[in-house]
Amino acid sequence: EAGVAQSPRYKIIEKRQSVAFWCNPISGHATLYWYQQILGQGPKLLIQFQNNGVVDDSQLPKDRFSAERLKGVDSTLKIQPAKLEDSAVYLCASSAPVGRQKLFFGSGTQLSVL
Amino acid sequence: AQSVTQLDSHVSVSEGTPVLLRCNYSSSYSPSLFWYVQHPNKGLQLLLKYTSAATLVKGINGFEAEFKKSETSFHLTKPSAHMSDAAEYFCVVSVNSASKIIFGSGTRLSIRP
């Protein structure tokens, strides 16, 4: 079974630039999550999708972050413009039909904002 | 609201000795609880989960955790540490299937030879 795919693996940008991350969940997984993990901290949920609808985006800084999952499969997370404090690993996870709650994580995208 | 607190940011034990990583949770409803492990430069992996069945849960690599409602705890244990157990461990809480899945701040486990 293929895992959660994320790209790119690493990204270095300057502040005020924009960046986009891509995630392809495990086939058949309806729920997709984007987490931000700052060095030394636990992952923080940014947004949760159920199919192509947003379940929770309460911790997404909507003035600069956006995410979409138009066809209910893969998803993109964008930051525009980036700030220094956005430097983190961005993790994508997916889970099987509602009720199972086991998350499968991708390897993440490590973002450095200079 | 739900939350999870990992009481130790860093735990160091000698190889072959027991491991105890502490986790307390807060939830208005019956929670589901998980432990995930993150090895350096690798993705997060589920160790074990509690979802209102048996209170003692066995996971992979010899780890287990006990759900204690009276103490609102879900501590992770292993009888004998191995060098390969060195990693970051996260306690996670979820109230229902559609709710947020909240991670603790993590405990870094170091193993001394």
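These remarks concern the structure in this document.

Definitions and cut-offs
- Residues numbered from 1 in each chain as written.
- Chains lettered and ligands numbered in written order.
- Predicted model: local features only at pLDDT ≥ 70, side-chain atom pairs only at ≥ 80, totals over all residues.
- Heavy atoms only, no water.
- Helix = DSSP H or I, 4+ residues; strand = E, 2+ residues; numbered from the N terminus.
- Rg over C-alpha atoms; globule rule 2.2 N^0.38 Å.
- Contact = heavy atoms within 4.5 Å.
- Areas by Shrake-Rupley, 256 points an atom, 1.4 Å probe, with all protein chains shown as cover.
- Lys, Arg positive; Asp, Glu negative; His and termini not counted.
- Charge placed at Lys NZ, Arg CZ, Asp CG, Glu CD.
- Buried area = accessible area lost by both parts, 1.4 Å probe.
- Salt bridge = Lys/Arg side-chain N within 4 Å of Asp/Glu carboxyl O.
- Polar contact = N/O pair within 3.5 Å; in protein donor to acceptor, adjacent residues only side chain to side chain.
- Nonpolar A, V, L, I, M, F, W, Y, C, P; charged D, E, K, R; others polar.
- Buried < 20%, exposed > 50% of the residue type's maximum accessible area, 1.4 Å probe, protein only.
- Pairing = 2+ DSSP bridges.
- Disulfide = S-S within 2.5 Å.

## Quick look at the overall build of chain B
A count of helical and extended segments in chain B gives 0 helices and 12 strands. Tracing chain B from N to C terminus, the helices and strands come up as β-β-β-β-β-β-β-β-β-β-β-β. Its C-alpha radius of gyration of 13 Å places chain B within 12% of the 13 Å reference for a compact globule of 113 residues. Look at the contacts in chain B between residues 6 or more apart in sequence, and 56% of them connect residues 24 or more apart. Accessible surface computed for chain B: about 5,400 Å², of which carbon and sulfur atoms make up 51%. Here chain B contributes 10 positive and 7 negative side-chain charges, whose respective centroids are spaced 5 Å apart.

## Some thoughts on the interface of chain A and chain B
Across the contact, 23 residues belong to chain A and 21 residues belong to chain B. A buried area of about 1,600 Å², summed over both sides, lies between chain A and chain B, and 54% of it is on carbon and sulfur atoms. In this structure, the connection of chain A to chain B is made through 0 salt bridges. Our enumeration of links across chain A and chain B arrives at 3 residue pairs in polar contact (both at pLDDT 80 or more). If you list the elements that add at least two residues to the side of chain A that touches chain B, you get strand S4 (31-37), strand S5 (44-50) and strand S6 (53-56) of chain A. Ranked by residue count, the leading element in the side of chain A that touches chain B is S4(A), at 3 residues. Taken together, the residues that form the side of chain A that touches chain B break down as 9 nonpolar, 10 polar and 4 charged.

## A short note on the pairing of strand S5 (residues 32-38) of chain B
Residues and elements named next belong to chain B. Where burial is concerned, most of S5 is hidden: 7 out of the 7 residues are buried. Residues Ser32, Phe34, Tyr36 and Gln38 line one face of S5 and the alternating positions Leu33, Trp35 and Val37 line the opposite face, and both faces are buried. Pairing of S5 with strand S10 (residues 87-94), which is carried by 7 bridges, proceeds in the antiparallel orientation. Within S10, the position partnered with Phe34 by the bridge is Val92.

## Describing the pattern of salt bridges
A complete count under the given rule lists 5 salt bridges over all chains for this structure. Note that A:Lys62 is salt-bridged to A:Asp57, the shortest N-O span being 3.7 Å. When its relative accessible area of 26% is taken as the criterion, A:Asp57 is described as partly exposed. The closest approach of N and O atoms between B:Asp85 and B:Lys78, which form a salt bridge, is 2.8 Å. Across the pair, B:Lys78 and B:Asp85 agree in class, each one buried.

## Describing the state of the cysteines
Residue and element names in this part refer to chain B. Under the criterion given, the structure shown has 2 disulfides over all chains. A disulfide bridge connects Cys23 with Cys91, and the sulfur atoms are separated by 2.0 Å. Note on the Cys23 and Cys91 pair: the S-S dihedral is about -70°, so by sign convention the disulfide is left-handed. In this pair, Cys23 is assigned in strand S4 (residues 23-26) and Cys91 in strand S10, connecting sequence segments 68 residues apart. The exposure class of Cys91 is buried, given its relative accessible area of 0%.

Remember that the coordinates give geometry; whether it matters functionally is a separate question.
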